[in-house]
Amino acid sequence: MKILGLYFTCTGNTKYVADITKEQFELLGHEFDLFSIELEKNSPTKIKNIIRNYDMIGLFHPIYGSGIPKIFKKYLDELTKLVDDLNIDGFTITTVALFSGDGAIVSKKYFDET
Ligand SMILES: Cc1cc2nc3c(=O)[nH]c(=O)nc-3n(C[C@H](O)[C@H](O)[C@H](O)COP(=O)(O)O)c2cc1C
């Protein structure tokens, strides 16, 4: 399986978790590309052109204010607008300090239920 991981990190916790997740998937024989959403080369417009090469998408972000950081939300809003007919599985992993709020389920709205 080919997996696309998109992450946002500020202090590095989420990148650490994303790196471990990538390692674990790779140990199981999967391909895992991990991209920072902050780099221009990984902008929604660019990812739109490659996203269909993947079987699964993983979202990694810290919890800010019991939800998704504004920068990640903006990114996902743009990406889902560009590729609203995508039919692949997805998952979200978040990092927190103390209170996760709704945690990883906050990004559920970006995935269609199947
Ligand atoms: C602006 C801001 C808001 C945060 N809000 C929460 C929160 O609501 N609940 C919580 O448990 N942690 C909160 N945190 C802590 C981060 O989620 C936590 O430290 C996370 O692991 C940071 O990830 P990063 O190192 O990838 O940036 C907040 C951090 C910041 C900077």
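Just so you know, these numbers come straight off a predicted model, no measurement behind them.

A word on the overall build of the protein chain. Secondary structure assignment for the protein chain yields three helices and four strands. The order of α-helices and β-strands along the protein chain, N terminus first, is β-α-β-α-β-α-β. Here the protein chain has a C-alpha radius of gyration of 13 Å; the compact-globule value for 114 residues is 13 Å, and the two agree. Looking at the protein chain residue by residue over its 114 residues, the buried ones come to 24%. Nonlocal contacts in the protein chain, meaning residues at least 24 apart in sequence, comprise 78% of its contacts between residues at least 6 apart.

Right, let's get into the sheet that holds strand β3 (residues 56-62). Taken in spatial order, the four strands make up an open sheet running β2-β1-β3-β4, and their pairing is parallel. Sheet topology places β2 (31-36) and β4 (89-95) at the edges, where each strand pairs with a single neighbour. Averaged over all pairs of adjacent strands, the angle between their axes in this sheet comes to 20°, without regard to strand direction. In terms of strand pairing, strand β1 (residues 2-7) meets β2 through six bridges, oriented parallel. Its bridge partner being in β2, L6 is matched across the sheet by F35.

Extensive coverage of β1 is indicated by the burial of five of its six residues. Read as a crossover between parallel neighbours, the route from β1 over helix α1 (residues 13-27) to β2 is right-handed. Where β1 lies against β3, five bridges are found, and the strand directions are parallel. In the strand pairing of β3, G5 is matched with G58.

It is worth spelling out the site of the ligand at this point. Inspection of the region around the ligand gives 18 residues, with T9, C10, N13, T14 and P62 positioned closest. Here the residues of the shell around the ligand sort into eight nonpolar, ten polar and no charged.

L4, L6, Y7, I37, F72 and Y75 are the most contacted members of the largest nonpolar core, which has 18 residues in total. Of all the secondary structure elements, the ones that give two or more residues to this core are β1, β3 and α3 (70-82). The contact partners of L4, leaving out residues within four places of it in the chain, are D33, I51, Y54 and I57.

This brings us to the environment of S66. In this structure, S66 sits in the loop between β3 and α3. Separated by 34 residues in the primary sequence, S66 and S100 place their C-alpha atoms 5.5 Å from one another. The residues touching S66, leaving out its near neighbours within four places in the chain, are F99, G101 and D102.

Between its first and last C-alpha, α1 extends 21 Å over 15 residues, near the 21 Å set by a 1.5 Å rise per residue. Inspection of α1 places T14, A18 and K22 among the buried residues, and these make up the whole buried set. The buried residues of α1 occupy an angular sector of 75° when projected down its axis, which confines them to one face. Exposed and facing more than 90 degrees away from the buried side of α1 are I20, E23, Q24 and L27. Its buried side turned inward, α1 meets β1, β2, β3 and β4. Following α1 by one or two positions, G29 adopts a phi angle in the positive range, close to 95°.

What counts, and where the lines are drawn
Residues numbered from 1 in each chain as written. Predicted model: local features only at pLDDT ≥ 70, side-chain atom pairs only at ≥ 80, totals over all residues. Helix = DSSP H or I, 4+ residues; strand = E, 2+ residues; numbered from the N terminus. Rg over C-alpha atoms; globule rule 2.2 N^0.38 Å. Buried ≥ 20, exposed ≤ 12 C-beta atoms within 10 Å, placed from the backbone. Contact = placed C-beta atoms within 7 Å. Pairing = 2+ DSSP bridges. Axes fitted to C-alpha atoms, helices over the stretch in contact; angles between N-to-C directions. Right-handed = clockwise from strand over helix to strand, strands pointing away. Near = placed C-beta within 6 Å. Nonpolar A, V, L, I, M, F, W, Y, C, P; charged D, E, K, R; others polar. Core = buried A, V, L, I, M, F, W, Y, C linked by C-beta atoms within 7 Å. Expected span 1.5 Å × (residues − 1). Arc of directions from axis to C-beta.

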